[in-house]
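Analysis of the macromolecular model
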Amino acid sequence: MNQPNQSPNPSRVSVAPMMDWTDRHCRYFHRLLSRRALLYTEMVTTGALLHGDVPRHLRFNAEEHPVALQLGGSEPQDLARCAGLAEQWGYDEVNLNCGCPSERVQRGAFGACLMAEPALVADCVRAMVGATSLPVTVKHRIGIDKIERYEFVRDFVARVADAGCATFIVHARNAWLKGLSPKENREIPPLRYELVHRLKHEFPQLTISINGGFVDNAAVHAQLRLLDGVMVGREAYHNPWWLAQWDAEFFGDDPRELSREDVEAAMCDYMAREASEHGTPWYAIARHMLGLRNGLPGARRWRQVWSDHRLKQLPAHEVMQRAREAVPAG
């Protein structure tokens, strides 16, 4: 059984669950950069766990702790069974997705559309809390479609909190269930941080974290003065070197002596281990670290080497050597 790290309030800064991105290889990479931040899995549906390959969906590296499993579903007993699996597999938290607006997720009757059914979400949370000793948390939006009243999200949080949820991660945009793609839903509905601040003011006993649009230390610090945590999504993925500052900046750790080359070499060692133990090709892992040299001279050429399909048969360490040779000295 994996054992969690003893880290202070890991939810103070976290990396968002992102479909097709935050798999276990991405999380291993992010953990090399930050030892403290809370990491989330991609959303895993209850159907995938109850009727599919459980190890494929739930296996993770011991180094990833603290790590949370995000579930997608709307049937209380199914979610309870999956929350129990999360505990059996050694996760540190189980999170219910009430924020994803994709039509595919809506067809499964979960994600952001659940915000319209707070009683059902409360039933789901109550069942999950009864099935695990792990913290049960909820990630949601501030509203759906054209519902922009604060009272909508306030009443949702109140109802779900009564069922036993003490931590809410709030994406500070509405989810438009019709007419926008998931990508557009991350960009077009306006950010309204003030509604999340009102939630914390009205529910001081709850842990309230905010998600949406954070790209630098100053913006994160501004929210931490008012809220319990900040969740970072796309910026953490596209500019991962930012995470190397987080432990000192947000958790009070001493600065680390860490270089991009150190991280790249550690990832190559991981790629070799994964190939040996699971037959994982290195390029399935390397795709997550392509932003490592963003903003540096030669970054584009470095990415091209790591993305070159003609090199797929080479060992990862040899590809690394070629990538480094492509970067200007100094």
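The next subject is the overall build of the protein. Looking only at helices and strands, the protein has 16 helices and eight strands in total. Relative to the globule expectation of 20 Å for 330 residues, the C-alpha radius of gyration of the protein, 20 Å, shows essentially globular dimensions. If you line up the protein on its principal axes, its C-alpha atoms span 60 × 45 × 40 Å. For the protein, the residues scored as buried account for 54% of the 330 residues in total. Charge separation in the protein, taken as the distance between the mean sites of 39 positive and 40 negative side-chain charges, equals 4 Å.

So, about the environment of F110. Within the secondary structure, F110 sits in the loop between helix 5 (103–107) and helix 6 (118–131). F110 sits 39 residues away from L71 along the chain, and the two C-alpha atoms are 9.9 Å apart. If we skip the residues at most four places from it in the chain, F110 touches M43, T45, G72, G73, S74 and V105.

Moving on, we get to the pattern of salt bridges. In this structure the tally under the stated criterion is 16 salt bridges. A salt bridge links R27 to E64, with the shortest nitrogen-to-oxygen separation between them at 2.5 Å. Highlighted residues: R27 in helix 1 (residues 24–33) and E64 in the loop between helix 3 (54–58) and strand 3 (67–72), separated in sequence by 37 residues. The burial state of R27 is the same as that of E64; both residues are buried. Put simply, E261 and R293 hold a salt bridge, and the shortest N to O gap is 3.1 Å. On the criterion of sequence distance, the pair formed by E261 in helix 13 (residues 260–278) and R293 in the loop between helix 14 (282–286) and helix 15 (299–306) is long-range, its members being 32 residues apart. A residue is classified by how much of its surface remains accessible, and E261, at 34% relative accessible area, is partly exposed. The buried category is assigned to R293, whose relative accessible area is 10%. Taken together, the shared-partner salt bridges connect K183, E187 and R234 into one network.

As a further point, take the pairing of strand 8 (residues 229–232). Burial along strand 8 is two-sided: G229 and M231 and V230 and V232, pointing in opposite directions, are all buried. In terms of strand pairing, strand 1 (residues 13–15) meets strand 8 through three bridges, oriented parallel. Bridged to V13 within strand 8 is V230. Sheet topology note: the strand 7 (residues 207–211)/strand 8 ladder contains three bridges and is parallel. The residue bridging S209 from the neighbouring strand is G229, located in strand 8. After leaving strand 7, the chain enters helix 10 (residues 217–224) and then returns to the sheet as strand 8, a path that is right-handed.

Next up on the list: the environment of Y28. Mapped onto the fold, Y28 is located in helix 1. A relative accessible area of 10% means that Y28 is categorised as buried. Separated by 242 residues in the primary sequence, Y28 and Y270 have C-alpha atoms spaced 8.6 Å apart. Every residue in contact with Y28, bar those within four places of it in the chain, is listed here: N61, E63, E64, M267, Y270 and R273.

Taken as a whole and assessed by the stated rule, the structure comprises zero disulfides. Looking at the unpaired C100, the closest cysteine sulfur is the one in C113, lying at 9.4 Å. A disulfide-free cysteine, C165 has its sulfur positioned 9.0 Å from the sulfur of C98, the nearest such atom. Relative accessible area serves as the criterion here: at 2%, C165 is assigned to the buried category.

Okay, the sheet that holds strand 2 (residues 38–45) next. As summarised here, the arrangement of the eight strands in space is 1-2-3-4-5-6-7-8, forming a closed barrel in which the pairing is parallel. The mean inter-strand angle of the sheet, taken between neighbouring strand axes irrespective of direction, is 30°. In the packing of helix 1 onto the sheet, contacts are made with strand 1, strand 2 and strand 3, and the angle to strand 2 comes to roughly 170°. Here helix 7 (residues 150–162) sits on the sheet and contacts strand 4 (93–98), strand 5 (136–144) and strand 6 (167–175); the angle it forms with strand 5, its principal contact strand, is near 160°.

It is worth spelling out the nonpolar core at this point. Counting 107 residues, the largest nonpolar core has F168, W246, M267 and W306 as its most contacted members. The element that contributes the greatest number of residues to this core is helix 7, accounting for seven residues. The residues touching F168, leaving out its near neighbours within four places in the chain, are V138, H140, V157, V160, A161, L206, T207, I208 and S209.

We now examine helix 10. Among the residues making up helix 10, those that are buried are N217, V220, Q223 and L224. Seen from one end, helix 10 has its buried residues packed into an arc of 130°, which puts them on one side. In this structure, the buried residues of helix 10 make contact with strand 1, helix 9 (193–202), strand 7, strand 8 and helix 12 (243–251). At the N-terminal boundary of helix 10, the capping side chain belongs to D216, with an oxygen 3.4 Å from the backbone nitrogen of A218.

Moving on: the packing of aromatic side chains. Overall, the coordinates contain eight aromatic pairs when judged by the stated rule. When the ring of W246 is compared with that of F250, the centres are 6.5 Å apart and the planes differ by 65°; the resulting orientation is edge-to-face. Of this pair, W246 and F250 both sit in helix 12, four residues apart, roughly one helical turn. You can call W246 buried: its relative accessible area is 0%.

Reading the values: the criteria
Residues numbered from 1 in each chain as written. Predicted model: local features only at pLDDT ≥ 70, side-chain atom pairs only at ≥ 80, totals over all residues. Heavy atoms only, no water. Helix = DSSP H or I, 4+ residues; strand = E, 2+ residues; numbered from the N terminus. Rg over C-alpha atoms; globule rule 2.2 N^0.38 Å. Buried < 20%, exposed > 50% of the residue type's maximum accessible area, 1.4 Å probe, protein only. Lys, Arg positive; Asp, Glu negative; His and termini not counted. Charge placed at Lys NZ, Arg CZ, Asp CG, Glu CD. Contact = heavy atoms within 4.5 Å. Salt bridge = Lys/Arg side-chain N within 4 Å of Asp/Glu carboxyl O. Pairing = 2+ DSSP bridges. Right-handed = clockwise from strand over helix to strand, strands pointing away. Disulfide = S-S within 2.5 Å. Axes fitted to C-alpha atoms, helices over the stretch in contact; angles between N-to-C directions. Core = buried A, V, L, I, M, F, W, Y, C linked by side-chain atoms within 4.5 Å. Arc of directions from axis to C-beta. Polar contact = N/O pair within 3.5 Å; in protein donor to acceptor, adjacent residues only side chain to side chain. Phe/Tyr/Trp six-rings, centres within 6.5 Å; stacked < 30°, edge-to-face > 60°.

Everything listed here is a matter of geometry and, on its own, says nothing about what the molecule does.
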